[in-house]
Amino acid sequence: MNTTPMHTTPVPRIAVIGAGPGGLTCARVLQQHGIAVTVHELDASPAARDQGGTLDMHPGSGQHALRAAGLLDEFRSLSRPEGQQMRLVGGDGRIVFDGIPPEADTAEGNPEIDRGVLRRLLLESLEPGTVHWGHGLARVEPLGDGVHRLHFTDGTAADADLVIGADGAWSKVRRLLTNAAPRYTGVTFVETGFDDADVRHPRLAALTAAGTMMALHNRQGFVAQRNSGGHIRVYVAMRADEDWYRQDGVDLADTPAVRDALLRRFTGWGEELLGFVTDTDTGYVNRPLYALPVPHTWPHTPGLTLLGDAAHLMSPFSGTGANLAMLDGADLAEALIERPTVDEAVTAYERVLLPRSAEAAEGAAEAIDDAFGPDGAARVLAHMGAPERASELAAGQFSG
């Protein structure tokens, strides 16, 4: 790869909107090759909000991007290889799969890392002052010739020759490129959590094991994930109308009412699994899942492009969203390094990005439909390479 910075006069002003994994990866790779970049982030500080659960980094995407960013060794020292363990459970609590999924059973593996730990790794790799905190994007004003003026909610403004929309599901940059908007997938996660789980919730901790436990049955499920610091993050998942809580007459701020509504909806599930509803330390957060239409494309527009969820928001059930965002960031940065002009770089990047993200989004849509169908556990088990056991499970003949 030619790592000589582009010879453009004047030096292009590159602005990344959003300090998520994809945007920060892009900034890191650019800075490694002497290209200036500014990241604008809505959050007031790195600690302004919880960054979410755990991620498995795939060799061909997330780990590839970390290698391009010169951070792979640091990542490996922070990651949790034991977190690759996957446990699949039926609605009655029977364990039907316990091990490392086939796609993770490689030399590199898919080691886990908390989102917050990954973000801190990327932030600390950047030059001081790269991220402008508290810079929520209010609007983007086209000035012509690919130049755009960014207006921020704090009243400031900045001009850029390239605006990279890494601003997530409800991207404001995307609105300049396409009318596409995220649509509800039909599945809602209700997030809850357990602190010091091995001591305070030993039965639930044992059921979760070292990585991720998924219990799936009749369009519902539980997804429990080990995080660092003894925390287990749980998603109580169900195929339901987006306003399910209104239909149930529930105020989402009323923790006991949410608990009771979930218990009614999960009638018939094993008692141990229902502990993920009843024993919460954190209360409940309603998280309906959205996805962009597939395929999601846009006409090439000088001075603008997208990466990550802004470009290809998809179901988390494929485990590829953050990995693809980081690969997007690395690929875009490398195109900017290699190509003589910003426009040529973005054209080359989008030529790879769009078909790749469409394929991934199709797979993610299929994965969530399988998991939250009437025989979700059997379908996921088949995906893990055990079709005979999946058939037994679907027929109710699984013997353990």
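Everything quoted here is computed from the prediction, not taken from an experiment.

> Just give me the short version of the overall build of the chain, but keep the residues and values in it.
Helix and strand counts for the chain come out as 14 helices and 17 strands. In terms of overall size, the chain behaves like a compact globule, its C-alpha atoms giving a radius of gyration of 22 Å where 400 residues would be expected to give roughly 21 Å. For the chain, the spread of C-alpha atoms along the three principal axes comes to 70 × 50 × 40 Å. Burial statistics for the chain: of 400 residues in total, 54% are counted as buried. A separation threshold of at least 6 residues defines the contact pool for the chain, and within that pool the share at least 24 residues apart is 71%. Counting only carbon and sulfur atoms, one obtains 49% of the accessible surface of the chain, whose full area is about 17,100 Å². For the chain, the centre of its 33 positive side-chain charges and the centre of its 53 negative side-chain charges are spaced 3 Å apart.

> Go over empty space enclosed by the protein with me, naming the residues and quoting the values.
In the structure shown here, the tally under the stated rule is one cavity of 30 Å³ or more. When residues in the lining of the largest cavity are grouped by element, the largest group, three residues, is from helix H12 (residues 342-371).

> How would you sum up the pairing of strand S1 (residues 14-17)? Please name residues and give values.
The alternating pattern of S1 places Ile14 and Val16 on one face and Ala15 and Ile17 on the opposite face, and all of these are buried. Looking at chain direction, S1 and strand S11 (residues 162-165) are connected through four bridges and run parallel. Bridge pairing in S11 places Val16 opposite Ile164. As paired strands, S1 and strand S2 (residues 38-41) are joined by three bridges and run parallel to one another.

> Hey, could you go over the sheet that holds strand S10 (residues 157-160) for me, with residue numbers and the actual values?
Strand pairing within a sheet occurs via backbone hydrogen bonds; the two strands may be parallel or antiparallel. Taken in spatial order, the three strands of this open sheet run S8-S9-S10, and their pairing is antiparallel. Where the open sheet ends on each side, the last strands, each with one partner, are strand S8 (137-144) and S10. On average, each strand axis in the sheet is inclined to that of its neighbour by 20°, with strand direction left out of account. Strand direction decides the pairing type here: strand S9 (residues 147-152) and S10, joined by four bridges, are antiparallel. Within the sheet, the bridge partner assigned to Leu150 lies in S10 and is Ala158.

> Any chance you could break down the pattern of salt bridges for me, citing the residues and the numbers?
Opposite charge on two side chains allows them to pair when their charged atoms are near. All chains considered together, the criterion is met by 20 salt bridges. Notably, a salt bridge pairs Arg119 with Asp43, separated by 3.7 Å at the nearest N-O pair. One end of the pair, Arg119, is in helix H4 (residues 115-124); the other, Asp43, is in the loop between S2 and strand S3 (54-56), and 76 residues separate them in sequence. Residue Asp43 is classed as buried on the basis of its relative accessible area, which comes to 8%.

> Provide a residue-level description of the packing of aromatic side chains, including the pertinent values.
Summed over all chains, the structure comprises twelve aromatic pairs. When the centroid spacing of 5.3 Å and the interplanar angle of 35° are considered together, the rings of Phe189 and Tyr235 count as tilted. Residue Phe189 is located in strand S12 (residues 183-194), and its partner Tyr235 is located in strand S15 (residues 232-239); the two are separated by 46 residues in the primary sequence. No difference in accessibility class separates Phe189 from Tyr235, as the two residues are buried. Here the aromatic cluster, defined as three or more aromatic residues joined through ring pairs, consists of Phe194, Phe222, Phe266, Trp269 and Phe276.

> Just give me the short version of the environment of Thr278, but keep the residues and values in it.
Mapped onto the elements of the fold, Thr278 is located in helix H9 (residues 271-278). Among all residues touching Thr278, those that are not within four sequence positions of it are Arg259 and Leu263. Within polar-contact distance, the side chain of Thr278 engages the side chain of Asp279 at 2.9 Å.

> If you had to explain the environment of His40 to someone new, which residues and values would you point to?
Looking at the element boundaries, His40 is found in strand S2. According to the relative accessible area criterion, His40 is buried, its value standing at 5%. Not counting the four nearest positions on each side in its chain, His40 is found in contact with Ala15, Val16, Ile17, Gly18, His132, His135, Leu150 and Phe152. Looking at His40, its side chain comes within polar contact range of the side chain of His135, at 2.9 Å.

Criteria and thresholds
- Residues numbered from 1 in each chain as written.
- Predicted model: local features only at pLDDT ≥ 70, side-chain atom pairs only at ≥ 80, totals over all residues.
- Heavy atoms only, no water.
- Helix = DSSP H or I, 4+ residues; strand = E, 2+ residues; numbered from the N terminus.
- Rg over C-alpha atoms; globule rule 2.2 N^0.38 Å.
- Buried < 20%, exposed > 50% of the residue type's maximum accessible area, 1.4 Å probe, protein only.
- Contact = heavy atoms within 4.5 Å.
- Areas by Shrake-Rupley, 256 points an atom, 1.4 Å probe, with all protein chains shown as cover.
- Lys, Arg positive; Asp, Glu negative; His and termini not counted.
- Charge placed at Lys NZ, Arg CZ, Asp CG, Glu CD.
- 1 Å grid on protein atoms, 1.4 Å probe; cavity = no way out; pocket = protein on both sides within 12 Å on 5 of 7 lines; lining within 4 Å.
- Points joined across faces, edges and corners; volume = space filled by probe spheres on them.
- Pairing = 2+ DSSP bridges.
- Axes fitted to C-alpha atoms, helices over the stretch in contact; angles between N-to-C directions.
- Salt bridge = Lys/Arg side-chain N within 4 Å of Asp/Glu carboxyl O.
- Phe/Tyr/Trp six-rings, centres within 6.5 Å; stacked < 30°, edge-to-face > 60°.
- Polar contact = N/O pair within 3.5 Å; in protein donor to acceptor, adjacent residues only side chain to side chain.

All we've got here are geometric facts, nothing functional implied.
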